[in-house]
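Breakdown of the fold
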Amino acid sequence: MKVLVTGGSGFIGSHVVDKLKDKGVDVRVFDAMPTFRKDIEYYQGSLLDMDALGFAMNGVDAVMHLAAIADVKDVFNRPHYAESINVRGTINVLEAARAAKLRRVVYGSTTWVYSEAEGDSVDEATPLHAPSHLYTATKLVGEYYCRTYSELFGLDYTILRYGIPYGPRARDEAVIPIFVRKALSGEALTIAGDGSQFRKFVFVEDLAEGNILALQSIARNKIYNLDGVEKVTIRQIAETIKRILGDVKIEYTPARPGDFAGKEVSSELVKKELGWEPKVGFEEGIRRYLKWYSEREKTRKANWEKLDDTLKK
Ligand SMILES: NC(=O)c1ccc[n+]([C@@H]2O[C@H](COP(=O)([O-])OP(=O)(O)OC[C@H]3O[C@@H](n4cnc5c(N)ncnc54)[C@H](O)[C@@H]3O)[C@@H](O)[C@H]2O)c1
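Reference entry: report on the structure contained in this document. (Residues numbered from 1 in each chain as written. Predicted model: local features only at pLDDT ≥ 70, side-chain atom pairs only at ≥ 80, totals over all residues. Heavy atoms only, no water.)

1. Observations concerning the site of the ligand
Cut-off, in case you're wondering: We call a residue near a given molecule or strand whenever any one of its heavy atoms falls within 4 Å of it. The term polar contact refers here to a pair of N or O atoms within 3.5 Å; inside protein, the definition further demands a hydrogen-donor-capable atom paired with an acceptor-capable atom, and it admits residues adjacent in sequence only when both atoms are side-chain atoms. Where accessible areas are quoted, they stem from the Shrake-Rupley method and a 1.4 Å probe; at the residue level, only the protein chains shown are allowed to cover. What counts as a helix is a DSSP run of H or I of at least four residues, what counts as a strand is a run of E of at least two, and both are numbered from the N terminus.
Near the ligand you find 25 residues, and of these Phe11, Ile12, Asp31, Tyr135 and Lys139 are the closest. A distance of 3.3 Å separates a nitrogen atom of the ligand from a polar atom in the side chain of Ser46. Measuring from an oxygen atom of the ligand, one finds a side-chain N or O atom of Lys139 at 2.7 Å. If the ligand stood free it would expose 830 Å²; the protein chains cover 89% of that surface. Secondary-structure elements contributing two or more residues to the shell around the ligand are helix H1 (11-22), strand E5 (104-110) and helix H5 (134-153). If you tally residues by element for the shell around the ligand, the top one is E5, at three residues.

2. Some words on helix H6 (residues 175-184)
Our working definition: Burial classification: accessible surface area is computed with a 1.4 Å probe over protein chains only, and a residue below 20% of its type maximum counts as buried, one above 50% as exposed, and the rest as partly exposed. Every residue pair with non-hydrogen atoms within 4.5 Å of one another is taken to be in contact.
Of all the residues in H6, the buried ones are Ile176, Pro177, Phe179, Val180, Lys182 and Ala183. Taken together, the buried residues of H6 touch strand E8 (165-166), strand E9 (189-192), helix H8 (234-245) and helix H10 (282-306).

3. Brief notes about the side chain of Thr90
Following the sequence through the fold, Thr90 ends up in helix H4 (residues 79-99). In this structure Thr90 comes out as buried when scored by relative accessible area, which is 3%.

4. Describing the packing of aromatic side chains
Within a pair of aromatic rings, the relevant descriptors are the distance that separates the centres and the angle that separates the planes. For clarity, the cut-off: In summary, the pairing rule links any two rings of Phe, Tyr or Trp, Trp by its six-membered ring, whose centres are within 6.5 Å, and it sorts them by plane angle into stacked for under 30 degrees, edge-to-face for over 60 and tilted for everything else. The criterion is that NZ of a Lys, or CZ of an Arg, lies within 6 Å of the ring centre and within 35 degrees of the ring normal, and then a charge sits over that ring.
Applying the stated criterion across every chain, the model contains eight aromatic pairs. Residues Tyr289 and Trp292 carry aromatic rings whose centres are separated by 5.7 Å and whose planes lie at 40° to one another, so their mutual orientation is tilted. One end of the pair is Tyr289 and the other is Trp292, both in helix H10 and three residues apart, which spans about a single turn. Here the guanidinium or amino end of Arg78 rests over the ring plane of Tyr81, the centre of that ring lying 4.2 Å away.

5. Quick notes on the pairing of strand E4 (residues 62-65)
How we decide: When DSSP locates at least two bridges between a pair of strands, those strands are taken to pair.
Because side chains alternate across E4, one face comprises the buried residues Ala62 and Met64, and the other comprises Val63 and His65, equally buried. The pairing of strand E1 (residues 2-6) with E4 spans four bridges and is parallel. Each bridged residue has a counterpart across the sheet, and for Val5 the counterpart in E4 is Met64. In terms of strand pairing, E4 meets E5 through four bridges, oriented parallel. The residue bridging Ala62 from the neighbouring strand is Arg104, located in E5.

6. Remarks on the packing of H4 against H5
Selection rule: Here an axis means a line fitted to C-alpha atoms, over the contact stretch when the element is a helix, while the angle between two N-to-C directions is reported on a 0 to 180 degree scale. What sets the label is the angle itself: under 35 degrees gives roughly parallel, over 145 gives roughly antiparallel, 65 to 115 gives roughly perpendicular, and the rest give oblique. Throughout, a crossing is termed right-handed when the near helix is turned clockwise from the far one, and left-handed when it is turned anticlockwise from it by less than a right angle.
Direction vectors running N to C along H4 and H5 enclose 15°, while the axes themselves pass 10 Å from each other. Between H4 and H5, the angle is such that the two are roughly parallel. In this structure, the crossing between H4 and H5 has a hand that is right-handed. Taking contact as the criterion, the partners of Pro79, Glu83, Asn86, Val87, Thr90, Ile91, Leu94, Glu95 and Arg98 in H4 are, on H5, Leu134, Tyr135, Thr138, Lys139, Val141, Gly142, Tyr145, Cys146, Tyr149 and Phe153.

7. Some points on unusual backbone geometry
Of note, Lys101 is a non-glycine position whose phi angle comes to about 55°, a positive value. With respect to the element layout, Lys101 can be found in the loop between H4 and E5. Note on Lys101: relative accessible area 71%, which makes it exposed. If you check the backbone angles, Asn221 has positive phi at about 60° while not being a glycine. With respect to the helices and strands, the residue Asn221 is situated in the loop between helix H7 (204-213) and strand E12 (222-226).

8. Quick word on the nonpolar core
To be explicit about the condition: Throughout this description, the term nonpolar core refers to a set of buried Ala, Val, Leu, Ile, Met, Phe, Trp, Tyr and Cys residues connected via side-chain atoms within 4.5 Å.
Formed by 53 residues in total, the largest nonpolar core has its most connected members in Val5, Leu20, Met64, Ile176 and Ile237. Leu47, Val75, Leu102 and Tyr157 belong to the second-largest nonpolar core, a separate cluster that totals 29 residues.

9. Looking at the pattern of salt bridges
Side chains that differ in charge, positive against negative, can pair when their charged atoms come close. What counts here: Counted as salt bridges are all cases of a side-chain nitrogen of Lys or Arg within 4 Å of a carboxyl oxygen of Asp or Glu.
Inspection of the entire model under this criterion finds 27 salt bridges. Among the ionic pairs, Asp18 bridges to Arg169, the shortest N-O distance being 2.8 Å. Taken together, the positions of Asp18 in helix H1 and Arg169 in the loop between E8 and H6 put the pair 151 residues apart, joining distant regions of the chain. For Arg169, a relative accessible area of 25% puts it in the partly exposed group. Residue Arg288 is joined to Glu205 by a salt bridge in which the shortest nitrogen-to-oxygen separation is 3.9 Å. Of the two residues, Arg288 is situated in helix H10 and Glu205 in helix H7; the sequence distance between them amounts to 83 residues. Judged by its relative accessible area of 32%, Arg288 falls in the partly exposed class. Classification of Glu205 by relative accessible area gives partly exposed; the value is 27%. Each of Lys2, Asp26, Arg28 and Glu41 takes part in a single network of salt bridges with overlapping partners.

10. Overview of the sheet that holds E1
Taken together, seven strands build an open sheet; the order of strands is E3-E2-E1-E4-E5-E7-E12 and the sheet is parallel. Edge positions in the open sheet fall to strand E3 (41-44) and E12, since each of these has one partner strand only. With direction set aside, neighbouring strand axes in the sheet form an average angle of 20°. Sheet analysis places strand E2 (residues 26-31) next to E3, joined by four bridges and oriented parallel. By the bridge assignment, Val29 is partnered in E3 with Tyr42. On top of the sheet, H1 reaches E1, E2, E4 and strand E7 (157-162); it is set at about 165° to E1, its chief contact. Running over the sheet, helix H2 (residues 50-57) touches E1, E2, E3 and E4 and is turned about 170° from E2.

The following block contains the structure:
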């Protein structure tokens, strides 16, 4: 089997690539940014370029579509551009997959689609309401396009609604990386709101494993939530980091608009049908992230020191 991973140079996509390789699957990456792995077939291109997508899908059995403007702040700052990548980009992937007669499109969506749903507990059968954030709207349209391509053209999909991922290679702007960076540089950790809002963070390698399991035939034309199990409040994140690293200051700021307040998202269906459940506990995940972060910073420092003085200015 050969799998194309769009967004394979990104945070979640790169771990999906690692897992596919570990399992002996032939992998190709399609991304606007280069992949750091040298042992991967890599096609550089944009989701907006149908020809490039067409070339990338040649000889492929399935595509895992993770490329997107995934940071809500980037979507907020550049809504029109984000819409083009997340919405038009997704229909482009579906269209290219249809033309290349792929067997499956696995679409990386988000549990944020439940932001406006009624009740505090949600699962895949929960009716959704119109989202208040453009990021969520774009991701939801992607889900609808997957479904319509299946209905109209028989292109099979699997939608995975990821919880909030964390772990090695996380974007530096996400809450855990920000906390870690601040803690290591002696700055206070800032919490939006009172810090009691919880998240069920999911370790990125667990998410990647879910992507692989989604290739099973039972997952055809289904939607699954992939969320963490432990409820972790923002305050607990700060305290976990404080526990591991030592003395760290914590400060509070007003809540952000459009922030998902946190619902109990059930991952029972994916457990029952695909046998997926998260394996890495929160504290262990934070330790692994810290290990990766320290190694990255060490490499950066060593590279900086090797630079000629005239290039450091
Ligand atoms: N990180 C999260 O908190 C989170 C949560 C739930 C769902 N998701 C979804 O998971 C997927 C992956 O997210 P991530 O956190 O790994 O994001 P990321 O930003 O790390 O990776 C996205 C990748 O898409 C690529 N990309 C962006 N525009 C492109 C374009 N025009 N053409 C080709 N490639 C392009 C980027 O270069 C990047 O490598 C996204 O679809 C995102 O919406 C992310």
